[in-house]
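Chain by chain, the residues:
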Amino acid sequence: TKEQFITQFKKRLSEKYAMGVEDASPTELYNTLGSLMHSAYSSDRHHTWRQYLLNKQKQAYYFSIEFLPGKLMASNLLNMDWLETVEEGLAELGIDLADLTEVEQDMALGNGGLGRLASCFMDSIASCGLPGNGNGIRYEYGLFKQKFIDGHQVELPDDWLSTGNVWEVRKDSKAVDVCFYGQVHLEEDANGKLKPVYKNQQVLRAVPYDTGMIGYKNNIVNNMRLWSVEIPNSEESKYRSLEERRTIEDLTAVLYPDDSNAKGQMTRLAQEYFFVSAGIQSIVRYYHTLKEPIHRIHEYVAIHINDTHPALCIPEFMRIMLDEEGMSWEEAWAVTLKVMSYTNHTIMAEAMEKWPIDMLKQLLPRIYQIIEEIDRRFVEETELKVHDRSIIDRTRIINHNQVHMAHLAIIGSHSINGVAKLHSELLKTVVLHDFYSLYPARFNNKTNGIAERRWLQLANRPLSSVLDKTIGTSWRDNPEDLQQLLNYQDDQKVLNALAAAKRQNKENLAALIKKTQDITVSPDAIFDVQIKRLHAYKRQLLNLMHIIKCYQDIKNNPDSEFYPRVFIFGAKAAPSYAYAKTIIKCINETANLVNNDPDVKDRLKIVFLENYNVSLAEVIIPAADVSEQISLASKEASGTSNMKLMLNGAVTIATLDGANIEIRDAVGEENINIFGITEQEVYDYYESNTYSAVSYFEKDPVIRRVLEAFIDGTIPNIQSEGREVFDSLIRYNDEFFVLRDFESYVKAQEKITECYKDKRKWQKISLINIANAGVFSADETVKRYADDIWQIEPVTEYSSKKG
Ligand code: 8GP
């Protein structure tokens, strides 16, 4: 109760800091609340773990090099069912919970979509009572903090642990050794079995930090285990200089911020093996406590490889089965295949990881031997199956002096999934077609989902309260119940209430924009939002070109009618991705020009919010009117901001790409604005080689006028950047068909403006979007993973299916 909470809170504060509420800083209050919550859910956590153990429940382990949970306090309070009590209790003490959550640093151990998905899954897995755990790296520095200096992106370190982390628990007793380098050869042991003998290995200590993943009001607390590197006591004498020690500690120091091409080389590869080996060792150690025979491990353990970064799970698991458990190759391979599954998150060729053979051999000699043997057997087996030998060259793991991680992941997994229908189809028919012809049954689709509790209940309180009043509260447990809102699509009172909630969120965002960027925007304007990593295929440039067109229209005809719009961007560019940084500079300079031009009369505003992250998304998304999902068809595997924005009542403008297709299917053609060429047309262009960007420049005066603004000084301070953009489109033939889609994009935008003017119509479309967003709950997605891929079942307290 509230009273109990107040008593406990004061007591904890006094024990921890020897002070009363009046004297405590927000940080001290935050830490007190965090520690109180932590002790409260720890018993559930212990209980959950005991239940899994006693029931010998099969568990899934989600291996991901990225997790992007954002802040945890509010969502933990919600899931613990403490939120209201704590808010009221704190209010009674004169404390605003929002001030405490301000103190928390975003846990940003990921770059973007893939990492955020992993965290949405962690929430949903626990909330569905499923036995599933995360396994990753505890980076000392998270994703860089973005600042703009003279319109350029500058990266600052994200020292997120500097203020401590109330959620994690260091588990020294669960630490394991991970070995690198050295030499290895095989020797027969007393039983005539070949065993590896190692020389000169580097031994490092992997120490786990566990964070409870709290299920929604179900007393389940799963675990996200993140590994940190240390020098083992036994090795201390080897690393005397500060520099030598630093080289070791660097292993888990930074998240590689480059998700467009695998770089950082040796350290990155070492990171991959480090968390994979530590994770698998700890799983196998746990498995032994069940006292079941090792060849049945697949009945108790499922390991998921989230993109290729953890693909070394396959040879590492083989290593343990062969070298430590004494299995034959055939037995080991049979269980490995049953245990492993893999998700692909992108078809962009540059993101397909490949490692030079020499590097792998040097860093991980035994693992390399195992990969070689997997490859050899794959070739041998495939030769018997296919007539066309070229397929082997295209699919084998080791080729052209490189190890192909996706090939390894596919060959060693029983399930391979894409993340939206179109993406999964493209994997089968184009990108992984050869593999599909070899293993058709392994391929499946699992359309992404989002943690709707975070993105609606927590991020959008005004809308949540309208929903409660209109359709009751069941949607909070059961997002599909949002459908009931459809009964109110012609109810003016409900439409007004929804509009009022949106208005409140827009005012909130406008205040943030004023505070952080000192730009005044009017909540009466259309808030048009594009938030995602900056990448050429996502086509922020198309958005910018449309903005420039609007600006030029106003300049040419200052007194014409123009419905006010605020274009809002949030995007980080990989530090080494020069073209993406060029686009950022161009957007920022256009913003400078447009926002300060008196002719514009505030009808057009451009806001590029710095340092886009989960917390910022929680403010932007509820305030959005328009959701920009404008990637070139075929290139965005799924997208998840599209789902979050729809859930919050934004109307989507989209190409037929990724999960936009499923969104269209959910809301109907008339409630989404589709434009642009289809994936089929894109592939037809590739095939016929007939795309000519310059012809659009020549024949379309609007395109010509817009592009000239990049190079004729209209937009100041972008001499080199403007030229670079111009050349990318005209000289290098516009890789992502921006000019091809420009006209239809402009038309779709005009339609949006017209529709927005009809308030009632707009509000109805917005309602239909909210009502149909329940299908994108990650709860549903993880249940499909659980049933089809991992074969895990929800906890039922006393079940004992294994006898
Ligand atoms: C992203 C996809 O781009 C996005 O469409 C999808 O919604 C998301 O994954 C979750 O499935 N992909 C990545 O973040 C990604 O590939 N990251 C880099 C490691 C390559």
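For every chain, the first residue of the written sequence is number 1, and numbering continues from 1 along that sequence. Totals for whole chains, interfaces and linings use all residues, but because this is a predicted model, local features are given only for residues with pLDDT of at least 70 and pairs of side-chain atoms are given and counted only at 80 or more.

As annotated in an unreviewed UniProt entry, the protein carries the name Alpha-1,4 glucan phosphorylase and is attributed to Vagococcus acidifermentans. UniProt positions are given in the numbering used here, feature names are shortened, and annotations may be inferred rather than shown by experiment. Among the UniProt annotations of the protein, the heading Catalytic activity (unreviewed entry) holds the following wording: "[(1->4)-alpha-D-glucosyl](n) + phosphate = [(1->4)-alpha-D-glucosyl](n-1) + alpha-D-glucose 1-phosphate".

Asks: Explanation requested: the packing of helix α19 (residues 492-517) against helix α30 (residues 759-771) in the structure shown.
Replies: Pairs of packed helices are described in terms of their axes, by the angle between the two and the distance that separates them. The geometry of α19 relative to α30 is characterised by a closest axis approach of 10 Å and an angle of 80 degrees between their N-to-C directions. Taken together, the axes of α19 and α30 lie roughly perpendicular to each other. Contacts from L495, L498 and A499 in α19 reach R760, Q763, K764, S766 and L767 in α30. Three residue categories are used. Nonpolar comprises Ala, Val, Leu, Ile, Met, Phe, Trp, Tyr, Cys and Pro, charged comprises Asp, Glu, Lys and Arg, and polar comprises the others, including Gly. The residue makeup of the contact of α19 with α30, split by class, is four nonpolar, two polar and two charged. Here, axes are lines fitted to C-alpha atoms. For helices the fit covers the stretch in contact, and angles between N-to-C directions go from 0 to 180 degrees. Strands are runs of DSSP state E lasting at least two residues, helices are runs of H or I lasting at least four, and both sets are numbered from the N terminus onward. For classification purposes, an angle smaller than 35 degrees is called roughly parallel, one larger than 145 roughly antiparallel, one from 65 to 115 roughly perpendicular, and anything else oblique. Whether two residues are in contact depends on their C-beta atoms, placed from the backbone: they are in contact if these lie within 7 Å.

Asks: Got a minute to help me understand the sheet that holds strand β15 (residues 354-356) in this structure?
Replies: Two modes of strand pairing occur in sheets, parallel and antiparallel, and in both the strands are linked by backbone hydrogen bonds. Ordered by their spatial adjacency, three strands build an open sheet running β15-β17-β16, and the pairing between neighbours is antiparallel. Edge positions in the open sheet fall to β15 and β16 (398-399), since each of these has one partner strand only. What makes two strands pair is DSSP finding at least two bridges between them. In this sheet, strand β17 (residues 402-404) lies alongside β16 in antiparallel orientation, the contact comprising two bridges. Across the sheet, residue I398 finds its bridge partner in β17, namely V403.

Asks: Could you clarify how one ought to interpret helix α28 (residues 719-730) in this entry?
Replies: Three- or four-residue spacings in an α-helix give side chains the same orientation, since the helix completes a turn every 3.6 residues. Helix span is expected to be 1.5 Å times the residue number reduced by one. In this model, α28 (12 residues) spans 16 Å end to end at C-alpha, consistent with the 16 Å of a helix rising 1.5 Å per residue. Those residues of α28 not exposed but buried are E721, G722, V725, S728 and L729. Here the buried residues of α28 occupy an arc of 125 degrees about the axis, which is enough to place them on one side. Exposed and oriented more than 90 degrees from the buried face of α28 are Q719, S720 and D727. Elements in contact with the buried residues of α28: α20 (540-556), α21 (578-595), α26 (693-699), α27 (701-711) and α29 (738-757). Put plainly, a residue is buried at 20 or more neighbouring C-beta atoms within 10 Å of its own, exposed at 12 or fewer, and partly exposed in between, counting only other residues' C-beta atoms, which are placed from the backbone. The directions considered for the arc run from the helix axis to the C-beta atoms.

Asks: Would you mind showing me how to read the UniProt feature "modified residue: N6-(pyridoxal phosphate)lysine" (unreviewed entry) in the protein here?
Replies: Mapped onto this numbering, the UniProt entry gives "modified residue: N6-(pyridoxal phosphate)lysine" (unreviewed entry) at K644. By the secondary structure assignment, K644 is in helix α23 (residues 641-647).

Asks: Even after reading the chapter, I still don't get unusual backbone geometry, so can you show me in this structure?
Replies: Phi at N611 takes a positive value of approximately 55 degrees, unusual for a residue other than glycine. The topology assignment puts N611 in the loop between β22 (604-609) and α22 (614-623). Not every positive phi belongs to a glycine, and F737 is a case in point at roughly 55 degrees. By the secondary structure assignment, F737 is in the loop between α28 and α29.

Asks: Help me out: how do you make sense of the pairing of strand β1 (residues 59-63) in this one?
Replies: Each regular strand displays side chains that alternate between the two surfaces of the sheet. Within β1, five of the five residues are buried, which leaves it mostly tucked inside the rest of the structure. Here β1 shows two buried faces, one formed by Q59, Y61 and F63 and the other by A60 and Y62. Across five bridges, β1 lies against strand β13 (residues 301-306) in parallel orientation. Its bridge partner lying in β13, Q59 is registered against V301.

Asks: What's the story with the nonpolar core in this structure? I'm lost.
Replies: In summary, soluble globular proteins display a tendency toward joint burial of nonpolar side chains. Any set of buried Ala, Val, Leu, Ile, Met, Phe, Trp, Tyr and Cys residues joined through C-beta atoms within 7 Å is what this text calls a nonpolar core. Counting 231 residues, the largest nonpolar core has F274 and C313 as its most contacted members. If you tally residues by element for this core, the top one is helix α8 (residues 265-289), at nine residues. Other than its neighbours up to four places away in sequence, F274 contacts V178, A206, W227, V229 and L251.

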